[in-house]
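One letter stands for each residue in the lines below.
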Amino acid sequence: MTRWIILGVILLLVEVYAFQAVRTIIKAKWLLALIEVASIAVYIYVFYILYGFDRSKGQTLQSMFAMGLMLVVLVPKMFITIIMLIEDIFRILSAGVALVSKSDGQIFPERRKFISQIALGIAAVPFLSFIYGIAKGKYDFRVIRTTLFYDDLPDAFDGFQITHISDIHSGSFDNKEKIEYAIDLINMQNSDAIFFTGDIVNTHATEMYPWIDTFKKINMPKYGKFSVLGNHDYGEYIQWPSSREKLQNFEDIKGLHDKIDFKLLLNESVKIRKDGAEINVVGVENWGHNFKKAGDLNLASKDLTATDFKILMTHDPSHWEYEVKQHPKNFQLSLCGHTHGFQFGIEIPGVIKWSPVQYVYKQWAGLYENLGRYVYVNRGFGFHAYAGRVGIWPEITVIELKKRGNVA
């Protein structure tokens, strides 16, 4: 009960400050009243959806819409509140100085109009960004290319190109045309192999059923399509009627990979052979520092040596941080996903790369290196929880492997 009271006080404070800022530019009382009624209606709707959240179903399009609506309304008002609170601190300090000095006239300064206008201007940025993220950003697919050089890459694989996708989260999709466009982008890369690093659904295998034919359209490259499981593929975020149904759902999710022509690797490895040479694709089940630890790196690489060239598929980049990067088997390249880049951040190549998720994961988007070993964290194909993306766009990664010293 106490936490609900605290939450109510915070929301009331946010609304009071936001109202004070808005009324500096809107004078019509009927319009101010309409704005407040709309805000109250949003809160009622969101709390209704969250209060009625069905733990047996998990995330739904309706709950994601409610989350997005809350962000659109609340986050801009929080920016306003912070700025107005700072102004109030200075107003209180000014009043204290006036009292001590026994100044004549008004002790407590009036709120300055231009501060409220600045607050509204700043709040407009997240407001418009979240709206864009829901309307357009979540399907604003980007192809990101990178080239990696290795001394120990077999000569036959010099120029070998892979396409990497992650975090499909098919249960979140609501636009078939946009997904088909993304599939076309994947096919246009004409890569030698395709890798998918987990989270094919949010929870239920049935979420993928309407999209099987769409994802089957991903062309089979010459050297295959490979996949692993992510944390959402284990069905652990809802309440199941029975352990048998949970297990059946897990088996059905594993079967989805075969239905879209991907070879699912479950703590195992396969060889890709080309012109008498070979590289190894190693796939582990989910291993997360704060999530399910089903991955067994030693089992998956039991037949491999440190000198074999290996591409590791592991969903959670914390696995690389805690086990992979110092592993004696020497995994030259690891492919991960999971973080989604928080679906929110700022990325300007060569200038800034920031997201709140970086305070949780050391490797959260793009390429990282340690002692010649690389990990690439895909920003995610789909979306989850918040039905949008702001600044961190859905990604199709294309990686070219090059033999160091070879001239193109």
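Quick notes on the rules
Residues numbered from 1 in each chain as written. Predicted model: local features only at pLDDT ≥ 70, side-chain atom pairs only at ≥ 80, totals over all residues. Heavy atoms only, no water. Pairing = 2+ DSSP bridges. Helix = DSSP H or I, 4+ residues; strand = E, 2+ residues; numbered from the N terminus. Axes fitted to C-alpha atoms, helices over the stretch in contact; angles between N-to-C directions. Contact = heavy atoms within 4.5 Å. Buried < 20%, exposed > 50% of the residue type's maximum accessible area, 1.4 Å probe, protein only. Polar contact = N/O pair within 3.5 Å; in protein donor to acceptor, adjacent residues only side chain to side chain. 1 Å grid on protein atoms, 1.4 Å probe; cavity = no way out; pocket = protein on both sides within 12 Å on 5 of 7 lines; lining within 4 Å. Points joined across faces, edges and corners; volume = space filled by probe spheres on them. Nonpolar A, V, L, I, M, F, W, Y, C, P; charged D, E, K, R; others polar.

**Student:** Can you walk me through the sheet that holds strand E6 (residues 268-274) in this structure?
**Tutor:** For sheets, the rule is that strands pair by backbone hydrogen bonds, running either parallel or antiparallel. The strand order across the open sheet built from six strands is E6-E7-E8-E9-E13-E12, with neighbouring strands paired in mixed fashion. With partners counted over all chains shown, the strands left at the sheet margins are E6 and strand E12 (366-370), one partner each. Mean inter-strand twist for the sheet, computed between neighbouring axes without regard to direction, equals 20°. As defined by bridge partners, strand E8 (residues 310-313) adjoins strand E9 (residues 333-336) across three bridges and the pair is classed as parallel. Its bridge partner lying in E9, Leu-312 is registered against Ser-334. Where helix H9 (residues 317-324) meets the sheet, it contacts E8, E9, E12 and strand E13 (373-377), and its direction lies at approximately 160° from that of E13.

**Student:** Mind showing me how you'd approach the side chain of Glu-321 here?
**Tutor:** Counting through the fold element by element, Glu-321 comes out in helix H9. Classification of Glu-321 as buried rests on a relative accessible area of 17%. A polar contact of 2.9 Å, which involves the side chain of Glu-321, links it to the side chain of Gln-363. Every residue in contact with Glu-321, bar those within four places of it in the chain, is listed here: Lys-362 and Gln-363.

**Student:** Honestly, the side chain of Thr-214 in this entry has me stumped. Any pointers?
**Tutor:** Examined against the element boundaries, Thr-214 turns out to sit in helix H6 (residues 212-215). What makes Thr-214 buried here is its relative accessible area of 2%. With residues near it in sequence (within four places) discarded, Thr-214 still touches Lys-176, Ile-179, Glu-180 and Ile-183.

**Student:** I tried to follow the layout of surface pockets on my own but got confused; where do I start?
**Tutor:** Any empty space left between the atoms is revealed when a probe the size of a water molecule rolls over them. Empty space within the largest pocket amounts to approximately 520 Å³. Taken together, 21 residues make up the lining of the largest pocket; nearest its centre are Thr-339, Phe-342, Gln-343, His-384 and Ala-385. Residues belonging to the lining of the largest pocket are distributed by class as follows: 12 nonpolar, eight polar and one charged. Put simply, the second largest pocket is a space of about 340 Å³. For the lining of the second largest pocket, the elements supplying multiple residues, two or more each, are helix H1 (2-22), helix H2 (29-51), helix H3 (61-101) and helix H4 (113-135). The leading source of residues in the lining of the second largest pocket is H3, at five residues. Considering only residue class, the lining of the second largest pocket consists of 12 nonpolar, one polar and three charged.

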